[in-house]
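# Per-entry structural report
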Amino acid sequence: MDHVTQNDTIQMQELLIRMERNNNIIQRLAQKLNSYTCEPNNSKCFEKLYDLRHSFKAFTSQQHRIMDMLRHKRRETKSLNKDIQQHLERFKQLEKDMAAYLLDTNQYF
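Bear in mind the structure is a predicted one, so any value in this text is a computation, not a measurement.

When its secondary structure is counted, the chain shows three helices and zero strands. Seen in sequence order, the chain has helices and strands lined up from the N terminus as α-α-α. Classification of the 109 residues of the chain by burial places 30% in the buried group. When contacts within the chain are restricted to residue pairs at least 6 apart in sequence, long-range pairs at least 24 apart make up 75% of them. As presented, the chain carries roughly 7,700 Å² of accessible surface, and 51% of it is formed by carbon and sulfur atoms.

Given below as structure tokens:
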């Protein structure tokens, strides 16, 4: 039983490290999004920019909520693990959306 608990703890720590790294990446992407080099050049890009900024804010608030739950251990591990997995999936989607926006604003051409 102790071995199972130790594996759960290690897995949870790995997820937390990934969350912290993802949060750092999101902060850098948000800074890039706010720079003049990523200014939208048409109405479609303005809409995407608005959606991305909203998504970044939602991602950050979700990150803080999960970290707060971890600090206070308000939920059981399985439920929290599911929340973390969903959060990591949101990160992947946000990265894809940011890449699509950069391509739409011709940042790489």
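In this description, an aromatic ring pair is defined by two values, namely the gap between the centres and the angle between the planes. Under the defined criterion, the tally for this structure stands at one aromatic pair. An angle of 45 degrees between the planes, with centres 6.2 Å apart, marks the rings of F59 and F91 as tilted. Of the two residues, F59 sits in helix 2 (residues 43-72) while F91 sits in helix 3 (residues 77-104), which places them 32 residues apart along the sequence. Of the two residues examined, F59 and F91, each falls in the buried class.

Turning our eyes to something else, we now look at the nonpolar core. Counting residues in hydrophobic clusters, the biggest one holds 14 residues, and the most contacted among them are I26, L33, L52, F56, L94, M98 and Y101. When residues no more than four places from it in sequence are discounted, the contact partners of L94 are I26, L52, S55, F56 and F59.

This part is about helix 2. An ideal rise of 1.5 Å per residue puts 44 Å on 30 residues; helix 2 measures up with 44 Å between its terminal C-alpha atoms. Among the residues making up helix 2, those that are buried are C45, L49, L52, F56, F59, Q62, Q63, I66, M67, M69 and L70. By the N-cap criterion, in which a side-chain oxygen at the helix start approaches the backbone nitrogen of a residue two or three places on, helix 2 is capped by N42, the distance to K44 being 3.1 Å. Positive backbone phi, at 45 degrees, marks K73, one or two positions downstream of helix 2.

Evaluation of the coordinates by the stated rule reveals two salt bridges. The partner of K48 in a salt bridge is D104, with the nearest N and O atoms 2.2 Å apart. Taken together, the positions of K48 in helix 2 and D104 in helix 3 put the pair 56 residues apart, joining distant regions of the chain. On the basis of relative accessibility, which here comes to 28%, the residue D104 falls in the partly exposed class. In this structure, the salt-bridge partner of E89 is K92, at a minimum N-O distance of 3.6 Å. Of the two residues, E89 and K92 are both situated in helix 3; the distance of three residues between them amounts to about one turn of the helix. Take E89: its relative accessible area is 46%, and that puts it in the partly exposed class.

Here is what the cut-offs are and how they apply
- Residues numbered from 1 in each chain as written.
- Predicted model: local features only at pLDDT ≥ 70, side-chain atom pairs only at ≥ 80, totals over all residues.
- Heavy atoms only, no water.
- Helix = DSSP H or I, 4+ residues; strand = E, 2+ residues; numbered from the N terminus.
- Buried < 20%, exposed > 50% of the residue type's maximum accessible area, 1.4 Å probe, protein only.
- Contact = heavy atoms within 4.5 Å.
- Areas by Shrake-Rupley, 256 points an atom, 1.4 Å probe, with all protein chains shown as cover.
- Phe/Tyr/Trp six-rings, centres within 6.5 Å; stacked < 30°, edge-to-face > 60°.
- Core = buried A, V, L, I, M, F, W, Y, C linked by side-chain atoms within 4.5 Å.
- Expected span 1.5 Å × (residues − 1).
- Polar contact = N/O pair within 3.5 Å; in protein donor to acceptor, adjacent residues only side chain to side chain.
- Salt bridge = Lys/Arg side-chain N within 4 Å of Asp/Glu carboxyl O.

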